[in-house]
Amino acid sequence: MDADMETLAAADDADLLASDGGEAERLEAEAQADLLRDRLLLAVIKIATSEGKKAGMEVSDPVVACIADLAYKSVEQLAKDVELFAQHAGRKSIRMEDVILTAHRNEHLMGLLRTFSQQLKGKEPASEKKRKKSSKKDDNVMQI
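Just so it is clear, the structure is predicted and the values come from calculations on it, not from any experiment. (Residues numbered from 1 in each chain as written. Predicted model: local features only at pLDDT ≥ 70, side-chain atom pairs only at ≥ 80, totals over all residues. Heavy atoms only, no water.)

Undergrad: Any chance you could explain the overall build of the protein here in plain terms?
TA: When its secondary structure is counted, the protein shows 5 helices and 0 strands. Put simply, the protein runs from its N terminus to its C terminus through helices and strands in the order α-α-α-α-α. Across the 144 residues of the protein, 10% fall into the buried class. (Helix = DSSP H or I, 4+ residues; strand = E, 2+ residues; numbered from the N terminus. Buried < 20%, exposed > 50% of the residue type's maximum accessible area, 1.4 Å probe, protein only.)

Undergrad: What's the story with the pattern of salt bridges in this structure? I'm lost.
TA: Scanning the entire structure with this criterion turns up 8 salt bridges. Residue Glu30 pairs with Arg26 through a salt bridge whose shortest N-O separation is 2.3 Å. With Glu30 and Arg26 both in helix H1 (residues 2-54), this residue pair falls 4 residues apart, about one helical turn. Classification of Glu30 by relative accessible area gives partly exposed; the value is 37%. Of the charged contacts, one joins Asp98 and Arg91 as a salt bridge, the two residues approaching to 2.9 Å between their closest N and O atoms. With respect to class, Asp98 is no different from Arg91; both count as buried. (Salt bridge = Lys/Arg side-chain N within 4 Å of Asp/Glu carboxyl O.)

Undergrad: Sorry, what's going on with helix H2 (residues 61-88) here?
TA: An α-helix turns once per 3.6 residues; consequently, residues spaced three or four apart project the same way. Over its 28 residues, H2 extends 41 Å from the first C-alpha to the last, a length consistent with the 40 Å expected when each residue adds 1.5 Å. Positive backbone phi, approximately 80°, marks Gly90, located one or two places after H2. (Expected span 1.5 Å × (residues − 1).)

Undergrad: What should I look at first to understand helix H4 (residues 107-123) in this one?
TA: For H4, with 17 residues, the first-to-last C-alpha span of 25 Å sits near the 24 Å given by 1.5 Å per residue. In this structure, the buried side of H4 is in contact with helix H3 (96-102). (Contact = heavy atoms within 4.5 Å.)

Have a look at this one:
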């Protein structure tokens, strides 16, 4: 029976280590997400304050915090939508067309995104396309 108890204890230790690895990865992902959220919030606060000063207005702290929170929630929803569009198309990577599709309810934004996409494509170096070699079957086909 002592051998059985040792086996159970070893299995429990292995489960504990495995869960700690998963837990460590989860905590690291949460810390990364918190860092990104905080950076976005700081950037939005800085932009809101700067734009308020340009307009000769003072923006109160609760209003700035509300704008920052709204921006974060909007970006979070945008990320989910873009991911779903890519998954629906059967892809694992997100393309510019997915981002443009998220703006389908805002024609002005959609137009701006399309223009931006075209400008990016114009800046990319032209890629050389390789020609397909004709197969022997194509060479042997008789034309009537």
